[in-house]
Amino acid sequence: MKKYIKLSFILPYILSLLLLNFNYFNSLKLIKIVPPNYIIVSLLIISYLSKYLSIFNIYSNFDIKDTKDYNKYLYTNMLFNVLTIFNLTILNNLFLVFSSITICLLSNLFLYYETKSYDKKLSIYLIPSVYLSLFCSIISLIIYFMNL
């Protein structure tokens with residue numbers, strides 16, 4: 001049973017990738033440093049897989065009762081990762097995209113800090129996610145003001 005609980009943590013990230021649609025995104029005014037769509041998807045997959053490796057190892061090595069703060073940041077991160085894609089593809093609202101990406105960035109930073117307190121080696125897996133969310137928050141802020 002515990003194995004299925006650990007495997008279920010990848011589902012929100014897979015769901016967000018399935019929701020991903022670039023029609024609205026491609027219709028916006030973009031700056032030149034925004035990568036092509038296939039690179040965005042590749043970066044998201046790398047980020048999600050590395051984050052999942054960290055999550056899986058934390059839950060394999062530590063008791064779930066001991067990880068209350070970790071769980072809080074993890075669930076916040078999962079929720080806002082899905083909401084970011086939902087805001088971009090379904091609602092087409094750039095301010096909500098920026099807000100949810102910023103919350104993702106903060107939850108990634110807190111998740112990194114909590115993971116580092118449990119195991120420093122596992123926190124390395126979260127670095128791609130932190131950098132990607134930082135890059136996306138800067139880009140989304142710029143795109144928001146360019147498309148007002």
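Scroll up for the structure.
This structure is a prediction, so every number in the text was calculated from the model and none was measured.

1. Points about the state of the cysteines
Structurally, a disulfide amounts to a covalent bond that connects the sulfur atoms of two cysteines. Evaluation of the coordinates by the stated rule reveals zero disulfides. Between C104, a free cysteine, and C136, which holds the nearest cysteine sulfur, the sulfur-to-sulfur gap is 9.1 Å. Take C104: its relative accessible area is 4%, and that puts it in the buried class.

2. Thoughts on the packing of helix α6 (residues 94–118) against helix α8 (residues 127–146)
At a closest axis distance of 9 Å, the pairing of α6 and α8 adopts a crossing angle of 155°. Between α6 and α8, the angle falls in the class roughly antiparallel. Helix-helix and strand crossings are classified by hand; for α6 and α8 the assignment is left-handed. Here L94, F95, V97, F98, I101, T102, L105, N108, L109 and Y112 of α6 lie close against α8, whose contacting residues are I127, S129, V130, S133, L134, C136, S137, S140, L141, I143 and Y144. Its residues assigned to classes, the contact of α6 with α8 comprises 15 nonpolar, six polar and no charged.

3. Details of unusual backbone geometry
Located in the positive-phi region is N92, a residue other than glycine, with phi close to 55°. With respect to the element layout, N92 can be found in the loop between α5 (68–91) and α6.

4. Concerning the pattern of salt bridges
Summed over the entire model, instances satisfying the criterion amount to one salt bridge. For D69, the salt bridge is made with K72, and the minimal N-O distance between the two is 3.8 Å. Of this pair, D69 and K72 both sit in helix α5, three residues apart, which is roughly one turn of that helix. Classification of D69 as partly exposed rests on a relative accessible area of 39%.

5. Remarks on the side chain of S129
Looking at the element boundaries, S129 is found in helix α8. For S129, the side chain forms a polar contact with the side chain of K51, separated by 3.1 Å. What S129 contacts, discounting residues up to four positions off in sequence, is S47, K51 and N108.

6. Thoughts on a nonpolar patch on the surface
Residues I124, I127, Y131, L134, I138, I142 and M146 make up a contiguous nonpolar surface patch of roughly 620 Å² in combined accessible area. Tracing the backbone shows I138 in helix α8.

Here is what the cut-offs are and how they apply
- Residues numbered from 1 in each chain as written.
- Predicted model: local features only at pLDDT ≥ 70, side-chain atom pairs only at ≥ 80, totals over all residues.
- Heavy atoms only, no water.
- Disulfide = S-S within 2.5 Å.
- Buried < 20%, exposed > 50% of the residue type's maximum accessible area, 1.4 Å probe, protein only.
- Axes fitted to C-alpha atoms, helices over the stretch in contact; angles between N-to-C directions.
- Helix = DSSP H or I, 4+ residues; strand = E, 2+ residues; numbered from the N terminus.
- Parallel < 35°, antiparallel > 145°, perpendicular 65-115°, else oblique.
- Left-handed = near helix turned anticlockwise from the far one by under 90°.
- Contact = heavy atoms within 4.5 Å.
- Nonpolar A, V, L, I, M, F, W, Y, C, P; charged D, E, K, R; others polar.
- Salt bridge = Lys/Arg side-chain N within 4 Å of Asp/Glu carboxyl O.
- Polar contact = N/O pair within 3.5 Å; in protein donor to acceptor, adjacent residues only side chain to side chain.
- Patch = residues over 30% accessible without salt bridge, like charges linked within 9 Å, V, L, I, M, F, W, Y side chains within 5 Å.
- Areas by Shrake-Rupley, 256 points an atom, 1.4 Å probe, with all protein chains shown as cover.

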